[in-house]
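A closer look at the structure
Given next are the chains, with one letter for each unit.
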Amino acid sequence: MPIESYPDQLEPENQDAVIWRFINMRKFRDLMTTAELYFCRADLFLDEREGLPPEEYLATFGLNPYDVNDRRELLNHIGSDAQFREGFYVNCWYLFREETSQMWEDYGSEGVAITSRYQLLKSALNALSDRAYIGLVRYGARHLIGKRVNLFRYITTKRIKYAHEQEVRAFLWIMDPHAGINRHYDENNRVHPVPLTPPADYVSKGERRKVDLQSLLTGIVASPWTSSNTLSEINQLAKAKGYAVPVEPSALTRYREVLSSSPRV
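Residues numbered from 1 in each chain as written. Predicted model: local features only at pLDDT ≥ 70, side-chain atom pairs only at ≥ 80, totals over all residues. Heavy atoms only, no water.

**Brief notes about the packing of helix α1 (residues 25-34) against helix α8 (residues 228-240)**
Closest axis-to-axis distance for the α1/α8 pair is 10 Å, and the angle between their directions is 20°. Between α1 and α8, the interaxial angle falls into the category roughly parallel. In this structure, α1 meets α8 at a crossing whose hand is left-handed. From α1, M25, F28, R29 and M32 reach across to α8, where they touch T230, E233, I234, L237 and A238. Split by residue class, the contact of α1 with α8 holds 6 nonpolar, 1 polar and 2 charged. (Axes fitted to C-alpha atoms, helices over the stretch in contact; angles between N-to-C directions. Helix = DSSP H or I, 4+ residues; strand = E, 2+ residues; numbered from the N terminus. Parallel < 35°, antiparallel > 145°, perpendicular 65-115°, else oblique. Left-handed = near helix turned anticlockwise from the far one by under 90°. Contact = heavy atoms within 4.5 Å. Nonpolar A, V, L, I, M, F, W, Y, C, P; charged D, E, K, R; others polar.)

Structure representation (structure tokens):
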């Protein structure tokens, strides 16, 4: 199914822009073994505001949080969105500008960064049978002011505190008709900003999609903290599957002693 566009979609000016995906060794082994990209359900990310309207945007709704009826309407809006986001499955990449120790620490401390280009990832998504999307994440709420409520705007917006991630977001929209809604109401009909129960067990927590890794990957970069044994394993994993992909140490490796003495996240 051809990749789809969405409201206010933002893409790099250069479709050949370099992108990196930081992953730990467990995820790298899995990728090399299965040749599958993993898409995590949006409500399962560490950021509890993932896929929800920013608080600054909610303030423009004209609802008074101290008015009982307005407060109920506001909570109902947030609680409903918190359930609808369960239909989005996300695969995150970094729009490469420079290597930073923070990105390694947060997402690939002793793992790798697989590298590609925006257009290559877009082509991989285009080959899927899903409703697939790709674009840059926007940060903050300014771009939402005056705009109509839209789930795609929410799923591609994050708080300013995450702006350093410069995320390229690939995602699938898979609405489970049996997932259940109105789980943000309790037995007394009080409304809450989040579902009070998780979706049913049969609702997938993550989706895997087979891709042509040889066409997608342009390189593999080992973490600055990678040991010589792990570096050997990385090379062996790539070669064992026949991938002609260069494996290189991080450019920050030379500063490993300085990085090691810095606080680790």
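There's more to say after this.
**Section: the packing of aromatic side chains**
As enumerated under the stated definition, the model contains 18 aromatic pairs in all. Between F22 and W104 the ring centres are 4.8 Å apart and the planes differ by 85°, which places this aromatic pair in the edge-to-face class. With F22 in strand β1 (residues 18-23) and W104 in helix α4 (residues 101-107), this residue pair connects regions lying 82 residues apart in the sequence. Accessibility classification places F22 together with W104 in one group, the buried group. Relative to F171, the ring of F152 lies with its centre 6.3 Å away and its plane at 45°, an arrangement referred to as tilted. Here F152 is found in helix α6 (residues 151-155), whereas its partner F171 is found in strand β8 (residues 167-173), with 19 residues between them in sequence. A connected cluster of aromatic rings, assembled from ring pairs, spans Y6, F88, Y133, F152, F171 and W173. Positioned above the aromatic ring of Y162, the side-chain terminus of K158 is 4.4 Å from the ring centre. (Phe/Tyr/Trp six-rings, centres within 6.5 Å; stacked < 30°, edge-to-face > 60°. Buried < 20%, exposed > 50% of the residue type's maximum accessible area, 1.4 Å probe, protein only. Lys NZ or Arg CZ within 6 Å of the ring centre and 35° of its normal.)

**Looking at unusual backbone geometry**
Leaving glycine aside, a negative phi is the common case for residues, and trans is the common case for peptide bonds. If you check the backbone angles, Q166 has positive phi at about 45° while not being a glycine. In this fold, Q166 is placed in the loop between β7 (157-158) and β8.

**So, the pattern of salt bridges**
Counted by the stated rule, this structure contains 19 salt bridges. Salt-bridge contacts for R208 lead to D30; the nearest nitrogen and oxygen are separated by 2.8 Å. With R208 in strand β9 (residues 206-210) and D30 in helix α1, this pair connects stretches of sequence that are 178 residues apart. Residue classification places R208 among the partly exposed positions, given a relative accessible area of 38%. Across the pair D47 and K158 runs a salt bridge, and its minimum N-O distance is 3.3 Å. A residue pair is termed long-range when its members are at least 10 positions apart, and D47 in the loop between β2 (36-41) and α2 (55-58) and K158 in strand β7 qualify at 111 residues. (Salt bridge = Lys/Arg side-chain N within 4 Å of Asp/Glu carboxyl O.)

**With respect to the pairing of β1**
Summarising burial for β1: 5 of the 6 residues are buried, a large majority. As judged from the 6 bridges shared by β1 and strand β4 (residues 112-117), these two strands associate in the antiparallel manner. Opposite I19, over in β4, you have S116 as the bridge partner. (Pairing = 2+ DSSP bridges.)

**Some details on the layout of surface pockets**
Empty space within the largest pocket amounts to approximately 890 Å³. Considering the residues around the largest pocket, the lining is formed by 33 residues, among which R21, K27, F45, C92 and Y107 are closest to the centre. Among the elements that take part in the lining of the largest pocket, strand β3 (residues 88-95) stands out by supplying 5 residues, more than any other. Residue composition of the lining of the largest pocket, grouped by class: 18 nonpolar, 2 polar and 13 charged. Estimated volume of the second largest pocket: approximately 160 Å³. Lining the second largest pocket we find 13 residues, and of these Q83, M175, D176, A179 and G180 sit closest to its centre. (1 Å grid on protein atoms, 1.4 Å probe; cavity = no way out; pocket = protein on both sides within 12 Å on 5 of 7 lines; lining within 4 Å. Points joined across faces, edges and corners; volume = space filled by probe spheres on them.)

**Topic: α1**
Along α1, the residues that are buried comprise M25, F28, L31, M32 and T34. Capping of α1 at its N-terminal end is provided by N24; its side-chain oxygen lies 3.2 Å from the backbone amide nitrogen of R26. (Polar contact = N/O pair within 3.5 Å; in protein donor to acceptor, adjacent residues only side chain to side chain.)

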